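Each chain, written out:
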Amino acid sequence: MSAPVDAPGPDVRAPDTVPLGPPPADPPPALRIEDYRHRARRRLDARVWDFVQGGAGSERTLRANRRAFARVTLRPRVLVDVAACDTGTELLGARLATPVGVAPTAYHRLLHPDGEVATALGAGAAGALYVVSVFASRTLEEIAAEATGPLWLQLYWLRRREILAGLVERAAAAGYRALVLTLDAPQLGRRHRDARNGFAIPSGISAVNLDAALMASAHRSDAGRSALAVHTAEAVDPSVTWADLAWLRGRSELPLVLKGVLTAEDAVLAVEHGADAIVVSNHGGRQLDGAPASLDALAEVVDAVGAAGCPVLFDGGVRSGTDAFAALALGARAVLLGRPVLWGLAADGAAGVAGVLGLATEELAHTMALTGRPALPAVDRSAVARGAAAGTAAGTAPGTGL
Ligand SMILES: Cc1cc2nc3c(=O)[nH]c(=O)nc-3n(C[C@H](O)[C@H](O)[C@H](O)COP(=O)(O)O)c2cc1C
Ligand SMILES: CC(C)CC(=O)C(=O)O
């Protein structure tokens, strides 16, 4: 009979090997963001896991987001004083300890009972920006009351403008410092995992900042369509154009950030229409399958609007501080994490969120030291080269480490 594959092999330690002592306490500290992914997976219902991990269509853009990082190599400089590496930055008037922040993601109570309040506590502990989704499952005011760091509010353009106007007013009153309008979802992406699972938001969890009547459809799945697809079709206005932005601008003094820009043409239009910042994003591969990897669109957008002084943020596929470094080097002023924050939240609530953001920031500082770039302004294009895939680690196989 053959031995099981995981049976211990013969002891091949050299005779002078020093025993390492007992294994570390369980659970061991997370060493990589990936460790939080494993922990989250063990805790979550399979349908929620698919909702979080999934992308649109064949998930080609979802995979491309990761693979783009594998084509970046770092260009280290030596004999630079890196005794202190400063990850601090400033964004739309807010001082941040780290350029790594939290991307807007919906329904955090699917991941942890405290939902977005835990996320806000974790982000604040890490000195990071938190962009709250309009589909948050805790109220804007509850989140703001507990938050210790800057909050921005993400919006979709709702068919019912009076609800949108009310949200804008509430955001300002509760101390949110910017509005982020997501532009890449006039319809929800075709997410086959959710459709196959008949995914619906469980009763007891809802987008509490939206009108209750508007929310009813989020809890009912329909044959062949997830409840979210039906629900967003009901809630989000797909007829909005650039001309409508003036209406939103006229309703708030808060800076307006436009999320979901992937081309130079739209970046220029964004600046012409008064955007205070842009987020280069393909929605984590959840919207247009076939869209470019976010990283591949970044330099084009930065080149189009850099001269206008419009800050460019980035999200999509960032899974380490090294990835964050690559995006910063290609011109991003800040980098947002979507799924990794949800893994941290599911694994360990606020501490998990702080853990994920803290790891990314530590790795970023470490990469800054080893590339000889002790402050963020020195993290520029000279710090990276792009070419064929550098190794295989970042090009994780479909359905695994994405
Ligand atoms: C579960 C989930 C929910 C999301 N919800 C929203 C949302 O409500 N609003 C939004 O603008 N983007 C949303 N996004 C997209 C993220 O803001 C972000 O663009 C994307 O997750 C970044 O990619 P990453 O997950 O690879 O970091 C969501 C993403 C995920 C994974
Ligand atoms: C409720 C959804 C519209 C949230 C979202 O943007 C997403 O799942 O990607």
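Think of each chain on its own: its residues are numbered from 1, step by step along the sequence as written. Here chains are named by letter from A upward and ligands by number from 1 upward, in the order in which they appear as written. Totals for whole chains, interfaces and linings use all residues, but because this is a predicted model, local features are given only for residues with pLDDT of at least 70 and pairs of side-chain atoms are given and counted only at 80 or more. Values reported for side chains reflect all heavy atoms of the structure, with hydrogen atoms and water molecules removed beforehand.

A.B. asks: Can you help me understand the site of ligand 1 in this one?
C.D. replies: Lining the immediate surroundings of ligand 1 are 23 residues, of which Pro-104, Ser-133, Thr-182, Asp-315 and Arg-319 lie closest. Any N or O atom pair separated by 3.5 Å or less is treated as a polar contact, with the protein-specific requirement of one donor-capable and one acceptor-capable atom, and with residues adjacent in sequence counted only for side-chain atom pairs. A distance of 2.7 Å separates an oxygen atom of ligand 1 from a polar side-chain atom of Ser-133. Within the contact set of ligand 1, a nitrogen atom lies 3.2 Å away from a side-chain nitrogen or oxygen of Gln-154. Accessible surface is estimated by sampling points in the Shrake-Rupley manner with a 1.4 Å probe; for residues, cover comes only from the protein chains shown. Out of a free accessible area of 600 Å², ligand 1 has 98% covered by protein chains. In this structure the site holding ligand 1 corresponds to the largest cavity. The helix count covers DSSP runs of H or I at least four residues long, the strand count covers runs of E at least two residues long, and both are numbered beginning at the N terminus. Broken down by secondary-structure element, the contributors of at least two residues to the shell around ligand 1 are α2 (46–53) and α14 (339–370). Of the residues contributing to the shell around ligand 1, the split by class is 8 nonpolar, 10 polar and 5 charged. Residues are labelled near a given molecule or strand when at least one of their non-hydrogen atoms is within 4 Å of it. Any residue with an atom within 4 Å of a point lines the site, the site being either a cavity, points on a 1 Å grid over the protein atoms alone where a 1.4 Å probe fits but cannot get out, or a pocket, an open set with protein on both sides within 12 Å along at least 5 of 7 lines. Think of it this way: if more than half of a molecule's atoms are within 2 Å of a pocket's grid points, that molecule is in the pocket or cavity. When residue character is reported, Ala, Val, Leu, Ile, Met, Phe, Trp, Tyr, Cys and Pro are called nonpolar, Asp, Glu, Lys and Arg charged, and the others, Gly included, polar.

A.B. asks: Even after reading the chapter, I still don't get the side chain of Ser-294, so can you show me in this structure?
C.D. replies: By the secondary structure assignment, Ser-294 is in helix α12 (residues 294–305). Here's how the labels work: a residue is buried when its accessible area is under 20% of the maximum for its type, exposed when over 50%, partly exposed in between, all with a 1.4 Å probe on protein chains only. With relative accessibility at 0%, the residue Ser-294 sits in the buried group. Polar contacts involving the side chain of Ser-294 include one to the main-chain carbonyl oxygen of Asp-315, which spans 2.9 Å. Other than its neighbours up to four places away in sequence, Ser-294 contacts Asn-65, Val-280, Ser-281, Asn-282, Phe-314, Asp-315 and Gly-316. The criterion used for residue contact is that any of the two residues' heavy atoms lie within 4.5 Å.

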